[in-house]
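Structure assessment
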Amino acid sequence: MNHAAHKDYGGAKLGMWLFLFTELLLFGGLFLLYAVYLSRYPHEFTAAGRDMHVGFGTLNTVILITSSLLAAMAVTAIQRNERRKVLFLLGGTILCAAIFLFNKYLEWSAEIGNGIYPNSPRLASGPPGESVFYSLYYLTVGLHGLHVLVGGTLLAVVAVRVKRGTVHSGDFVLLENGALYWHLVDLVWIFIFPLYYLIL
Amino acid sequence: MTHDTTAHHIVSYGRLVTVWLALLALTGLTVWVAHHNVGIGHVWGSLAIACLKSGLVVTFFMHMKYEGRLLRWLLFMALVTLAIFIGLTFFDVLYR
């Protein structure tokens, strides 16, 4: 038996899931902060939440859900040994990530242009609840955006490996774990969207 | 994990697209609810829809439906831990 070539598929996936649980608790903590401050400053949060761009939020939700579908389809495609399709689907996922981040750039530019950013004169002179809302917004959404960037990069690396043939239908745990990470990015957004854009 | 992990379940494209359509429909529903229903009820409604959507993503996109008992229990434990954090924090904040 060649032990050097041994691959522990179950172990690799278990490790990824354990990492995803830590991510879940990280973002869960941020959502908990949001919930506690919402109960402390309901009126300020409502006033601040009305200025959020629901259009950008909805568009980015659709983009991320679609990218998640493409990533899930890529896993199916590699299991069926359809390499060209895998590359096409991963390319689509990465394109969605880029569009998402571009939308985020436009949205944040508009907000920063309106004088809404952490410690801006407008927020510093306003009620404390409003600046708490925007601080949490920039922290949570910024951290999520960082995850989009990391996930997109990870999937690009996986796509290169698929093209080279080191990730294939017999050994695709890297693609599967990359897709799992991408789905987590989607999951977090599924909660950011109603909390920051809709319920207020 | 005692079972053979080399046999992988392949989720069909059709099923994935069906889940995607359900997710889009739920996104439409949550936006509609936010526009037509004001009050505390829609906070819980929006969160319920978000939980339903994440359930679909975890079950089908993340293959949890086809995983063994170990991963399912670990996911359950992680969610219980998060629920305890949230529950105890609010127990403190609301009754202080």
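Residues numbered from 1 in each chain as written. Chains lettered and ligands numbered in written order. Predicted model: local features only at pLDDT ≥ 70, side-chain atom pairs only at ≥ 80, totals over all residues. Heavy atoms only, no water.

Details of the overall build of chain A
For chain A, the helix and strand inventory stands at seven helices and zero strands. The linear arrangement of helices and strands in chain A, starting from the amino end, is α-α-α-α-α-α-α. Its C-alpha atoms give chain A principal-axis dimensions of about 70 × 30 × 25 Å. For chain A, the proportion of contacts with a sequence separation of at least 24, taken over those separated by at least 6, is 84%. Accessible surface computed for chain A: about 8600 Å², of which carbon and sulfur atoms make up 66%. (Helix = DSSP H or I, 4+ residues; strand = E, 2+ residues; numbered from the N terminus. Contact = heavy atoms within 4.5 Å. Areas by Shrake-Rupley, 256 points an atom, 1.4 Å probe, with all protein chains shown as cover.)

Notes on the interface of chain B and chain A
Often, the extent of an interface is quoted as the loss of accessible area on bringing the components together. With 44 residues of chain B at the interface, the matching set in chain A holds 45 residues. Around 4000 Å² of area is buried between chain B and chain A when both sides are counted, 80% of it from carbon and sulfur atoms. Contact with chain A buries area across many residues of chain B, yet Tyr-13, Phe-61 and Met-62 of chain B alone supply 18% of it, more than any other trio. Between chain B and chain A we count one salt bridge in total. Glu-67 of chain B serves as the salt-bridge partner of Lys-13 of chain A, at 2.7 Å between the closest nitrogen and oxygen. Taken together, chain B and chain A are joined by six residue pairs in polar contact (both at pLDDT 80 or more). Where the side of chain B that touches chain A is concerned, the elements lending two or more residues are helix 1 (13-36), helix 2 (41-61) and helix 3 (69-94) of chain B. Across the side of chain B that touches chain A, the residue classes break down as 31 nonpolar, eleven polar and two charged. (Buried area = accessible area lost by both parts, 1.4 Å probe. Salt bridge = Lys/Arg side-chain N within 4 Å of Asp/Glu carboxyl O. Polar contact = N/O pair within 3.5 Å; in protein donor to acceptor, adjacent residues only side chain to side chain. Nonpolar A, V, L, I, M, F, W, Y, C, P; charged D, E, K, R; others polar.)

Thoughts on the pattern of salt bridges
Note on pairing: side chains with opposite charge can pair once their charged atoms come close. As enumerated under the stated definition, the model contains six salt bridges over all chains in all. Residues joined in a network through salt bridges with shared partners are Lys-13 and Glu-176 of chain A together with Glu-67 of chain B.

A few points about empty space enclosed by the protein
All told, the structure shown has one cavity of 30 Å³ or more when counted by the stated rule. By volume, the largest cavity amounts to about 40 Å³. If you go around the largest cavity, the residues you meet are Val-75, Glu-176, Ala-179, Leu-180 and His-183 of chain A together with Phe-61, Met-62 and His-63 of chain B. The element that contributes the greatest number of residues to the lining of the largest cavity is helix 7 (residues 173-198) of chain A, accounting for four residues. Residue classes in the lining of the largest cavity are distributed as five nonpolar, two polar and one charged. (1 Å grid on protein atoms, 1.4 Å probe; cavity = no way out; pocket = protein on both sides within 12 Å on 5 of 7 lines; lining within 4 Å. Points joined across faces, edges and corners; volume = space filled by probe spheres on them.)

A short note on helix 4 (residues 83-113) of chain A
All names here are of chain A. Between its first and last C-alpha atoms helix 4 spans 45 Å; for 31 residues at 1.5 Å apiece the expected length is 45 Å, and the two agree. Every buried residue of helix 4 is accounted for by Val-86, Leu-89, Leu-90, Gly-92, Thr-93, Cys-96, Ala-97, Phe-100, Asn-103, Lys-104, Glu-107 and Glu-111. Tucked inside the fold, the buried residues of helix 4 contact helix 3 (54-79), helix 6 (128-164) and helix 7. Looking one or two residues past helix 4, Gly-115 carries a phi angle of roughly 80 degrees, positive in sign. (Expected span 1.5 Å × (residues − 1). Buried < 20%, exposed > 50% of the residue type's maximum accessible area, 1.4 Å probe, protein only.)

Looking at the layout of surface pockets
Of the pockets and cavities examined, the largest pocket occupies roughly 1400 Å³. In terms of lining, the largest pocket is formed by 49 residues, of which the most central are Phe-31, Phe-191 and Leu-195 of chain A together with Val-43 and Leu-47 of chain B. Mapped onto the lining of the largest pocket, the elements with two or more residues apiece are helix 1 (9-40), helix 2 (42-49) and helix 7 of chain A together with helix 1, helix 2 and helix 3 of chain B. Here the lining of the largest pocket gets 13 residues from one element, more than from any other, and that element is helix 1 of chain A.

What about the packing of helix 4 of chain A against helix 6 of chain A?
All names here are of chain A. Running from N to C, helix 4 and helix 6 cross one another at 155 degrees; their axes reach a closest spacing of 10 Å. By the angle between their directions, the pair helix 4 and helix 6 is classed as roughly antiparallel. Considering the relative orientation of helix 4 and helix 6, their crossing is left-handed. Looking at the contact of helix 4 with helix 6 residue by residue, the classes come out as 19 nonpolar, five polar and six charged. (Axes fitted to C-alpha atoms, helices over the stretch in contact; angles between N-to-C directions. Parallel < 35°, antiparallel > 145°, perpendicular 65-115°, else oblique. Left-handed = near helix turned anticlockwise from the far one by under 90°.)

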